[in-house]
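Okay, here's what each chain looks like letter by letter:
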Amino acid sequence: MLVHLLNGFRLDIGQHEVVLPAHAQRVVAFLALSRPSGMTQHRTALAEQLWCDGPRPRAQASLRTAIWRIRQADDRLVHADRAHVYLDALVEVDVERSLCQAARLLNEDGDLAPDDTATTGLVADLLPDWEEEWLIVERERIRQVRIHALVALSHRLRRLGRFVPALNAAYTAITAEPLQESARVALVEVHLAEGNVVEACRQVDRYARLLWDEMQLTPSHALTGRVPWPASGPVATKQLDNARSDQGYLRMPHADEPDGRGGSDVHLDRVRPSRRP
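Cut-offs used in this document
- Residues numbered from 1 in each chain as written.
- Predicted model: local features only at pLDDT ≥ 70, side-chain atom pairs only at ≥ 80, totals over all residues.
- Heavy atoms only, no water.
- Pairing = 2+ DSSP bridges.
- Helix = DSSP H or I, 4+ residues; strand = E, 2+ residues; numbered from the N terminus.
- Axes fitted to C-alpha atoms, helices over the stretch in contact; angles between N-to-C directions.
- Parallel < 35°, antiparallel > 145°, perpendicular 65-115°, else oblique.
- Contact = heavy atoms within 4.5 Å.
- Nonpolar A, V, L, I, M, F, W, Y, C, P; charged D, E, K, R; others polar.
- Core = buried A, V, L, I, M, F, W, Y, C linked by side-chain atoms within 4.5 Å.
- Buried < 20%, exposed > 50% of the residue type's maximum accessible area, 1.4 Å probe, protein only.

A. Geometry of the pairing of strand 2 (residues 10-13). Relative to strand 2, strand 1 (residues 2-4) runs antiparallel, the two sharing 3 bridges. By the bridge assignment for strand 2, Leu2 is matched with Asp12. Between the antiparallel neighbours strand 1 and strand 2 lie 5 residues, among them Asn7 with a positive phi of about 70°. By the bridge criterion, 3 bridges tie strand 2 to strand 3 (residues 16-18) in an arrangement that is antiparallel.

B. Expanded view of the packing of helix 2 (residues 43-50) against helix 3 (residues 56-73). Interhelical geometry of helix 2 versus helix 3 gives an angle of 100° and a closest axis separation of 8 Å. Regarding the angle of helix 2 to helix 3, the classification is roughly perpendicular. Residue-level inspection shows Arg43, Thr44, Leu46, Ala47 and Glu48 of helix 2 in contact with helix 3, the latter providing Arg56, Ala59, Gln60, Leu63, Arg64 and Ile67. Across the contact of helix 2 with helix 3, the residue classes tally to 5 nonpolar, 2 polar and 4 charged.

C. Representation of the nonpolar core within the structure. In terms of nonpolar packing, the biggest core is built from 39 residues, with Leu5 and Phe9 touching the most fellow members. Among the elements of the structure, strand 2, helix 1 (22-34), helix 2, helix 3 and strand 6 (84-87) are those that each provide at least two residues to this core. For this core, the element with the highest residue contribution is helix 1, accounting for 8 residues. Residues in contact with Phe9, not counting those within four places in the same chain, are Val3, His4, Leu20, Gln25, Val28, Ala29, Leu127 and Trp130. In this structure, Ala149, Leu157, Ala173 and Val190 belong to the second largest nonpolar core, which totals 19 residues.

Right under this line is the structure:
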């Protein structure tokens, strides 16, 4: 038995997909997501969590009906007594598989499973069409874990010399969160490992312009320090001239200026990223 929660709800029993009504899906999904904590769910608390808009007796009746419908599909799925409800230990959950893969990728000293370099389990969102309040934090937590796992995968593949899969992993992380700087760092590191300094500089500049347009922020030195950025020549001169003319932005010396002190941290200089004509 396999419960799918990534990219939507689906229940597979054997070789067949089993359709559950919406209220039964909510119970299975909640139990599946709470299982890693090792806590069984108290019936009253579960009913009030899932049916919080109505009175307690109605919520408990809805839970009883949902459990009955689940057992009609397969009586091994969910176990319930007078006090508690829990998912059977033999039921697999795709979220748990994805998080286990992420844990292995993030453990640099650990061994990887044969399929750990595949990104399929790291790209899907948790029940994206559901609007349950209890899903908000868990959805974001899982999204952040998979982005970090994709970044870790990119670094691992780069160190192995597998540059194309490393690029794919970095771009997948960027697609999930375009403003995530660690994903951009992974991408730039792959280009530098291949000797593509120009492309690395282009990616830093592209990210700097995106970050400025979206958040009025500049990249950290952890990213910009990896490449000669801002580039020397007329583009950099134009950038610095624009920065001087913008009121409210602090102009700090750069490394190639006569004072020789070098520029301050990028977070502090507030210089606008360069814009190509």
